[in-house]
Amino acid sequence: MAVSVNIEKNFRDFSLKVQFEGSSAAIGLLGASGSGKSMTLRCIAGIETPDRGKIVINGKTVFDSEAGINLKPQKRRIGYLFQNYALFPTMTVEQNIRCGYRGEKSSAQEKVSDLIRRYHLEGLEKRLPSQLSGGQKQRVAIARTLAPEPTVLFMDEPLSNLDAKLRLEMRYELQRLHVETGSTFVYVTHDQMEAMTLATRICLMENGVL
């Protein structure tokens, strides 16, 4: 699994210029708030459109400004864990995770139950997001992100609201998941220790430049 990125996007008072490649790597985008880390993920995922450049995911060009290619986000096979979780407020924990599943309907409940167990959500299946703590919401969001078994996984500050014990457990789980799947992971973080623990490569971002 590989990602190749070479893009530029200009704003009124900020310019993003990013170029990197990763092949079955865990890439950490490390930098202060406002350095362009999250915007980089949004451009690669197709949520934002770069002004120019090219993005290739697993050998498939998903964006090319010169060729006029710009695939929709759902066609890029990227799992995206948003910083604000983006859970559906009227859906239960179980329903939020299930909505991310893309496999056979007959296997949906088994998959959801496995993710609930893996991310320590037992007993919370019928609760709404408003009834969860910040850490619980984050674990639901991680489970939903992994439900469709994406080939590339983006995580925007994935461990920021977890307590020390769960942070350690989730670090181990994410490392195990990366080894098992061989997928390319891209982590956004401002925490140097987290980047050094989770990433096999670290890219430092400052003022929109990698």
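Quick summary incoming for the structure in this document. Remember, predicted model here, so these are calculated numbers, not experimental data.

### Quick notes on unusual backbone geometry
The phi dihedral of arginine 77 is positive, around 55°, even though this residue is not glycine. Tracing the chain through its elements places arginine 77 in the loop between β6 (69-70) and β7 (78-81). The phi angle at histidine 120 is positive, at roughly 55°, despite the residue not being glycine. Structurally, histidine 120 is set in the loop between α3 (108-118) and α4 (134-146). What makes histidine 120 partly exposed here is its relative accessible area of 39%.

### As for the state of the cysteines
In the structure shown here, the tally under the stated rule is 0 disulfides. Cysteine 203 carries a free sulfur, and the closest cysteine sulfur to it, the one in cysteine 43, is 16 Å from it. The exposure class of cysteine 203 is buried, given its relative accessible area of 10%.

### Some details on the pattern of salt bridges
Overall, the coordinates contain 7 salt bridges when judged by the stated rule. Between lysine 111 and glutamate 149 there is a salt bridge, and its shortest N-O distance comes to 3.1 Å. Of this pair, lysine 111 sits in helix α3 while glutamate 149 sits in the loop between α4 and β8 (152-156); the two residues are 38 residues apart in sequence, bridging distant segments of the chain.

Quick notes on the rules
- Residues numbered from 1 in each chain as written.
- Predicted model: local features only at pLDDT ≥ 70, side-chain atom pairs only at ≥ 80, totals over all residues.
- Heavy atoms only, no water.
- Helix = DSSP H or I, 4+ residues; strand = E, 2+ residues; numbered from the N terminus.
- Buried < 20%, exposed > 50% of the residue type's maximum accessible area, 1.4 Å probe, protein only.
- Disulfide = S-S within 2.5 Å.
- Salt bridge = Lys/Arg side-chain N within 4 Å of Asp/Glu carboxyl O.

Nothing here speaks to function; it is geometry throughout.
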